[in-house]
Amino acid sequence: TGDEPSAIDFPHLGKMVAREKELLPEILPYLNLFPSYATVYEDEGASAKSQLGTRSYKEYIDSYCEHIPLDYISFGFYVYAPPDEHLLPHLYKNYQIVADACRATNRDFWFTPQVNSRRKDDPMSVAKLRFQAFSAMAFGAVEITWACWTMGWWENVVMTTNGVLTAQYPKLKTVNAEIRTLAEHYMKLRNVAT
C-alpha cells in the first residue's frame, strides 16, 4: 500500500486500505511508516511538517491511528547508518511512541531492523542484529521484518544478484533461530508499559 507516507496522505490511504480489505480480503494491505529520524530533532516543528505532514513524530503516529484501519503499526529504523551514529536515544523514543500507540489502540507492533550496512568495511555483526531485534521485542514488537536491501544501495547484502548467499546470511539465520526459540513463550506476553 505504501512506504513512508506523509500524514497528509493518511485519509486517502485509509480509504484505500478499507477498499483493499473489501475487494481483496485474502491480501494483507502493508503500510510501513517513517522512523522518527525523518524529522530534525532539534526543531521538529516546520522541519517535521515538511516530511511527516505533522509537527511531531507522536502526531504522525496518532494521525495514522486515526485514519488507517489496520491492526498494526509498522516502521523501520536503521540505527547503524552513519553518519547518524547518534540515533540510539531516538530509537528508544521511537519504540516508546509506537508501543504506546499500539497498546492504546489495540494494534500490533511491527518492526523493520537493518541488516545491510552503509560502509563495505563495517558489516553488521550478530550482536548488532540481535540488539535491534531484541530491543524492539523488549518494547513489544511481535513482527520482525528484516530490511535486506539489494546490491547497489547498501553494502554487505545477504544475497548477491546471482542468488549467492553471503557471509551476512548465517548471521541473520542465527538471530532468526534465537527469536524462533523464544517465540512460543514470548508471543504469550503483552507489553503493558514503556
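So, here's what we can say about the structure. (Residues numbered from 1 in each chain as written. Predicted model: local features only at pLDDT ≥ 70, side-chain atom pairs only at ≥ 80, totals over all residues. Heavy atoms only, no water.)

1. Here we look at the environment of Lys 15
Consideration 1: Within the secondary structure layout, Lys 15 lies in helix α1 (residues 10–23).
Consideration 2: When its relative accessible area of 63% is taken as the criterion, Lys 15 is described as exposed.
Consideration 3: For the pair Lys 15 and Val 115, spaced 100 residues apart in sequence, the C-alpha to C-alpha distance is 33 Å. (Helix = DSSP H or I, 4+ residues; strand = E, 2+ residues; numbered from the N terminus. Buried < 20%, exposed > 50% of the residue type's maximum accessible area, 1.4 Å probe, protein only.)

2. Brief notes about helix α5 (residues 126–138)
Consideration 1: With 13 residues, α5 should reach 18 Å at 1.5 Å per residue; the first-to-last C-alpha distance of 18 Å fits that figure.
Consideration 2: When α5 is considered as a whole, its buried residues turn out to be Leu 129, Gln 132, Ala 133, Ser 135, Ala 136 and Met 137.
Consideration 3: Of the residues flanking the end of α5, it is Gly 140, one or two places downstream, whose phi is positive at about 105 degrees. (Expected span 1.5 Å × (residues − 1).)

3. Let's talk about the pattern of salt bridges
Consideration 1: By the definition in use, this model includes 7 salt bridges.
Consideration 2: For Arg 19, the salt bridge is made with Glu 22, and the minimal N-O distance between the two is 2.8 Å. One end of the pair is Arg 19 and the other is Glu 22, both in helix α1 and 3 residues apart, which spans about a single turn.
Consideration 3: Measuring nitrogen to oxygen at the nearest pair gives 3.2 Å for the salt bridge that ties Arg 119 to Asp 122.
Consideration 4: For Arg 119, a relative accessible area of 37% gives the class partly exposed. (Salt bridge = Lys/Arg side-chain N within 4 Å of Asp/Glu carboxyl O.)

4. A word on the pairing of strand β5 (residues 141–144)
Consideration 1: As paired elements, strand β4 (residues 108–112) and β5 share 3 bridges and run parallel to each other. Across the sheet, the residue bridging to Phe 111 is Ile 144, located in β5.
Consideration 2: Note on the crossover from β4 through α5 to β5: the handedness is right-handed. (Pairing = 2+ DSSP bridges. Right-handed = clockwise from strand over helix to strand, strands pointing away.)

5. A few points about the nonpolar core
Consideration 1: Formed by 47 residues in total, the largest nonpolar core has its most connected members in Ile 61, Tyr 64, Phe 109 and Phe 111.
Consideration 2: Tallying contributions element by element places helix α4 (residues 88–105) first for this core, with 7 residues.
Consideration 3: The residues touching Ile 61, leaving out its near neighbours within four places in the chain, are Leu 33, Ile 73, Ile 97, Val 98 and Ala 101. (Core = buried A, V, L, I, M, F, W, Y, C linked by side-chain atoms within 4.5 Å. Contact = heavy atoms within 4.5 Å.)

6. Observations concerning the pairing of β4
Consideration 1: Of all 5 residues making up β4, 4 are buried, and the element is well covered by its neighbours.
Consideration 2: Where strand β3 (residues 72–76) lies against β4, 5 bridges are found, and the strand directions are parallel. Along β4, the bridge assignment pairs Ile 73 with Phe 109.

7. Remarks on the packing of α1 against helix α3 (residues 57–67)
Consideration 1: Across the interface, α1 lies against α3 with an axial gap of 9 Å and an inter-helix angle of 35 degrees. Between α1 and α3 lies a crossing of right-handed hand. Touching Phe 10, Pro 11 and Gly 14 of α1 are Tyr 60, Ser 63, Tyr 64 and His 67, all from α3.
Consideration 2: In terms of residue class, the contact of α1 with α3 is built from 4 nonpolar, 3 polar and no charged. (Axes fitted to C-alpha atoms, helices over the stretch in contact; angles between N-to-C directions. Left-handed = near helix turned anticlockwise from the far one by under 90°. Nonpolar A, V, L, I, M, F, W, Y, C, P; charged D, E, K, R; others polar.)

8. Some remarks on the packing of α3 against α4
Consideration 1: Where α3 contacts α4, the axes come no closer than 10 Å and their chain directions differ by 30 degrees. For the element pair α3 / α4, the angle class is roughly parallel. Considering the relative orientation of α3 and α4, their crossing is right-handed. Along its contact with α3, which presents Tyr 57, Lys 58, Ile 61 and Cys 65, the element α4 presents Asn 94, Ile 97, Val 98, Ala 101 and Thr 105.
Consideration 2: Partitioned by chemical class, the residues of the contact of α3 with α4 number 6 nonpolar, 2 polar and 1 charged. (Parallel < 35°, antiparallel > 145°, perpendicular 65-115°, else oblique.)

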